[in-house]
Amino acid sequence: MSKKRSELVSKDNVVQAILVADTFEDEFVPISNDIPLSFFPIVNKPLIEYTLEFLSLGGVEETFLFCCNHVTEIKAHIKKSIKETVGWSLTMKVHVIVSESCRSFGDCLRDLDAKGLLRGDFVLLEPGVISNISLLPLLKKHSETCQADKGAAMTLVFQESGLGHKSLCPQDEVIIVVNSKNRVLFHKKTYKTAGKKIDFPLEIFLENPSVFLRHNLKDTHVAICSSSVLPLYSDNFDFQTKDDFVRGLLMNEEILGSTVYCTVLKGTDYGGAVQNWRTYQALSLELKNQWICPLIPSTTRSRPGPNDSAISPTSKLSLSASLYRSILGPNVVLGENVKVYDSFIFENCRIEDDSIISLSIIGPDCVIKKGAKVTAGSILGKGVIIKENLFVENALLQATEAKHSEPKDKLGEAAYRLKIEEDEEDLLLDILLARQMSRLHVDDALYDSEYQSDDAFSESEDDLSHTQTPPPDDTKLFFSEVIDSLTRGFEDKLPCENLILEINSSRYAYNVTVKEVNFNVIKAILIMSQSLQAGPQYFSSFAQLLFYFSPVLRNYIKNDSAMDDCLQAVEETADSGLQLKDKWVIFALKYLYEKDYLSEEAIIKWFSSLKNDSKLCTEVKPFVDWLQEAEEESSDDSE
């Protein structure tokens, strides 16, 4: 074989991986405003170093590191690591791919597909992954699966984990149904369905002689992918996350012709990702205790501290300072009688005398002045200064004034509260934000036994909740996004095809049924009609609104079932208690009937289900009578 041919074969057999560095979420604000997730210190070592070390040890030879933010810092760090011949740089090439226009995980993969850099099967990592998995056996197993099933696109990697384990983030808990060959037939994250019934499609059990239901799993955020994955992302712009991809393939298997498989890790194999502050805490503690071997903290950057803590060699503690299950970064100074419990203090911070820090994250360059207390899941961004004797509880603080802040949000010259409290005028937005700002989690038994005796740490269990409000119903969130999309589209006169793509993307994101999609889209359009100006021109404007959305109506009212969903939306809007325009129901029904979106059979059947003494029944009756008379006349003419 010639040298050129040998090099080509070698190049084609390179084991490749994609690592997306950005989260595209606000989970880590305000600290992530200044520090990319890749540089978050995990036991005083940048997170990206653990990820690259894992890939190198796992057998990967070429990694494409995709980043959209903090590009200069990431490039400089990679270049410095290569110059210093860090372990992973000896066996693996890292290419930094930059695109500041990407706004989601899916956008990054579409960009990579356009560049044509991947040549075969590859490892796909979501942001923040830390693992000790040996990847080569998984790649081999995926290759064998692809030989047996030409449509196999992805192998999901799960880890066995007991439900409720403190290192298991609720967002990682998953229920799957697989067949005897580990092909995934059903996939659902359980954190959105807590306390709810989960419905499994009947055909799963009818079409397979045996199936296995697994619920003791967590997502490792690692996947083995075929070369078809990137083109599938390019062809389906509503795939914004890996979960969207899996849902899309399972829901449209016949159309896309692709399948998903899974493998489950056992024993000492470990996989996880820093997705929020709870997983940051869990992974930090597990690495500190060397539970993810061979990945261990750097002994030059961290040394054991008192009471299960870790300290940078450059940090300074007074003799009277107390430290419990906490990690101190470089150049941190603790004054006299300072107490730090279950907290993480980043570099160059100064904690002055008699201060108390508990269950909190203190970002770089912060100053906690004498006698101050920062407790119960507070997050301080870079450069925040807490003035003397100030009590901060369950708060997000940044050094600069936040947009739309109020005077009460200012706690000092360099301490401004990020508003996440409830507001009656914008409750839904605040609920979403509160869900994103997850807090630290600590075992209640540990907290009660060690802190309850100290007056400074006698907060109630409610103060330790990782969210301020319960998660909202997904269908309501979907409806809110549909309203936003349609309103913006109508105001800016966007193509309705784009709006349909947005709606379908939201459908995947919130995992709503087809009936819920039909119902909520029609309901959203009807509610929009109520904001039109009243008066003689109202019905003309209403007709223009419906005409503009005709591609949307045509897309979601396709059959008899969809007609029923549409009429249910009309009924619920009429019964919603809103101040509705006079005779809008008759106008809407007549328009939809004349444009052939609704059949007279569907309208008459729906009318028969209304209560005879209801206001809606009285309003609609003349139109239904007219339909029935027209039908009778048509029948007579036919005879």
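In case you missed it, the structure is sitting above this.
Residues numbered from 1 in each chain as written. Predicted model: local features only at pLDDT ≥ 70, side-chain atom pairs only at ≥ 80, totals over all residues. Heavy atoms only, no water.

S.K.: What should I look at first to understand the overall build of the chain in this one?
M.R.: For the chain, the count of helices and strands is 21 helices and 30 strands. A total of 639 residues make up the chain; the buried ones form 52% of that total. Sequence separation of at least 24 residues holds for 59% of the intrachain contacts in the chain that already meet a minimum separation of 6. (Helix = DSSP H or I, 4+ residues; strand = E, 2+ residues; numbered from the N terminus. Buried < 20%, exposed > 50% of the residue type's maximum accessible area, 1.4 Å probe, protein only. Contact = heavy atoms within 4.5 Å.)

S.K.: Help me understand the nonpolar core, please; the structure alone is not making it clear to me.
M.R.: Most often, soluble globular proteins keep nonpolar side chains buried together rather than apart. Ile42, Phe54, Val123, Ile130, Leu135 and Tyr280 are the most contacted members of the largest nonpolar core, which totals 57 residues. When residues in this core are grouped by element, the largest group, six residues, is from helix 2 (residues 47–58). Among residues more than four places away in sequence, those in contact with Leu135 are Phe54, Leu55, Gly58, Val60, Val123 and Val222. The next biggest cluster of nonpolar side chains, apart from the first, holds 55 residues, and it includes Ile522, Trp584, Tyr591 and Phe607. (Core = buried A, V, L, I, M, F, W, Y, C linked by side-chain atoms within 4.5 Å.)

S.K.: I would appreciate a short explanation of the packing of aromatic side chains in the present structure.
M.R.: One pair of aromatic rings is described through two measures. These are the centre distance and the angle between the planes. Taken as a whole, this structure holds 24 aromatic pairs when the rule is applied. When the centroid spacing of 4.8 Å and the interplanar angle of 5° are considered together, the rings of Tyr324 and Tyr341 count as stacked. Of this pair, Tyr324 sits in strand 15 (residues 322–324) while Tyr341 is found in strand 18 (residues 339–341), placing the two residues 17 residues apart along the sequence. For Tyr341, a relative accessible area of 8% puts it in the buried group. Summarising the aromatic geometry, the rings of Tyr538 and Phe542 are spaced 5.8 Å apart at their centres and angled 45° between planes, so their arrangement reads as tilted. Of this pair, Tyr538 and Phe542 both sit in helix 16 (residues 538–548), separated by four residues, roughly a single helical turn. In this pair, the class of Tyr538 matches that of Phe542, namely buried. One aromatic cluster is present, built from ring pairs that chain together Phe28, Phe40, Trp277, Tyr280, Phe344 and Phe346. (Phe/Tyr/Trp six-rings, centres within 6.5 Å; stacked < 30°, edge-to-face > 60°.)

S.K.: What am I meant to see in the packing of helix 16 against helix 19 (residues 584–594) here?
M.R.: Packed helix pairs are characterised by how far apart their axes lie and by the angle those axes make with each other. In contact at an axis separation of 11 Å, helix 16 and helix 19 are set at 40° when each is read in the N-to-C sense. With respect to their mutual orientation, helix 16 and helix 19 come out oblique. Once helix 16 is placed against helix 19, the crossing between them reads as right-handed. Contact with helix 16, carried on its side by Tyr538, Phe539, Phe542, Ala543, Leu546 and Phe547, involves Trp584, Phe587, Ala588 and Tyr591 of helix 19 and no other residues of that element. Here the residues of the contact of helix 16 with helix 19 sort into ten nonpolar, no polar and no charged. (Axes fitted to C-alpha atoms, helices over the stretch in contact; angles between N-to-C directions. Parallel < 35°, antiparallel > 145°, perpendicular 65-115°, else oblique. Left-handed = near helix turned anticlockwise from the far one by under 90°. Nonpolar A, V, L, I, M, F, W, Y, C, P; charged D, E, K, R; others polar.)

S.K.: Explain a nonpolar patch on the surface to me, please; I cannot follow it from the model alone.
M.R.: There is a patch of nonpolar side chains on the surface, built from Leu202, Phe205 and Leu206 and spanning about 340 Å² of accessible area. Summarising the element assignment, Leu206 is placed in helix 6 (residues 202–206). (Patch = residues over 30% accessible without salt bridge, like charges linked within 9 Å, V, L, I, M, F, W, Y side chains within 5 Å. Areas by Shrake-Rupley, 256 points an atom, 1.4 Å probe, with all protein chains shown as cover. Salt bridge = Lys/Arg side-chain N within 4 Å of Asp/Glu carboxyl O.)

S.K.: Looking at this structure, how should I read the sheet that holds strand 28 (residues 396–398)?
M.R.: Strand-to-strand pairing in sheets goes through backbone hydrogen bonds, with the strands running parallel or antiparallel. Strand order in the open sheet made by the nine strands is 12-13-16-19-22-25-28-30-29, with mixed pairing throughout. This sheet does not close on itself; its edge strands, each paired only once, are strand 12 (303–305) and strand 29 (410–412). When strand 28 meets strand 30 (residues 415–417), the two strands line up antiparallel, connected through two bridges. Each bridged residue has a counterpart across the sheet, and for Gln398 the counterpart in strand 30 is Tyr416. (Pairing = 2+ DSSP bridges.)

S.K.: What is the right way to read the pattern of salt bridges from this model?
M.R.: Note that side chains of opposite charge can pair when their charged atoms are close. One pass over the full model with this rule turns up 19 salt bridges. The partner of Arg183 in a salt bridge is Glu253, and the shortest N-O contact between them spans 2.3 Å. Of the two residues, Arg183 sits in the loop between strand 7 (173–179) and strand 8 (184–189) while Glu253 sits in helix 9 (residues 253–256), which places them 70 residues apart along the sequence. Classification of Glu253 as partly exposed rests on a relative accessible area of 35%. Notably, a salt bridge pairs Asp308 with Lys288, separated by 2.6 Å at the nearest N-O pair. With a gap of 20 residues between them, Asp308 in the loop between strand 12 and strand 13 (309–311) and Lys288 in helix 10 (residues 277–288) connect regions that are remote in the sequence. Here Asp308 falls in the partly exposed class, since its relative accessible area comes to 39%.

S.K.: Help me understand the environment of Val14, please; the structure alone is not making it clear to me.
M.R.: Looking at the element boundaries, Val14 is found in the loop between helix 1 (3–12) and strand 1 (16–20). For Val14, a relative accessible area of 22% translates into the label partly exposed. Counting along the chain gives 46 residues from Val14 to Val60, while the straight-line C-alpha distance between them is 7.9 Å. Non-local contacts of Val14, meaning those with residues more than four positions away in its chain, are made with Glu61, Glu62 and Arg119.

S.K.: Would you take a moment to explain unusual backbone geometry for this structure?
M.R.: Most peptide bonds take the trans configuration, and most residues that are not glycine carry a negative phi. Of note, the amide linkage connecting Val29 to Pro30 takes the cis form, showing an omega dihedral of 5°. Along the chain, Pro30 turns up in the loop between strand 1 and helix 2. Cys293 connects to Pro294 through a cis peptide bond whose omega is 10°. Position of Pro294 among the secondary structure elements: in the loop between helix 10 and strand 12. You will see that Asn337, though not glycine, has its phi angle at about 60°, which is positive. Phi at Asp354 is positive, roughly 65°, even though this residue is not glycine. Given the relative accessible area of 36%, Asp354 is considered partly exposed.

S.K.: Could you clarify how one ought to interpret the environment of Lys75 in this entry?
M.R.: Looking at the element boundaries, Lys75 is found in helix 3 (residues 71–83). Given a relative accessible area of 41%, Lys75 falls into the partly exposed group. Taking the C-alpha atoms as reference, Lys75 lies 9.8 Å from Val98; in sequence the two are 23 residues apart. If sequence neighbours within four positions are ignored, Lys75 has contacts with Val96 and Val98.

S.K.: I'm lost on the packing of helix 18 (residues 560–574) against helix 19 in this one. Help?
M.R.: For the pair helix 18 and helix 19, the least separation of the axes is 11 Å and the interaxial angle reads 170°. It follows that helix 18 is roughly antiparallel to helix 19 by the angle criterion. Note on element contacts: helix 19 touches helix 18 through Trp584, Val585, Leu589 and Leu592, opposite Cys566, Leu567, Val570, Thr573 and Ala574. Here the residues of the contact of helix 18 with helix 19 sort into eight nonpolar, one polar and no charged.

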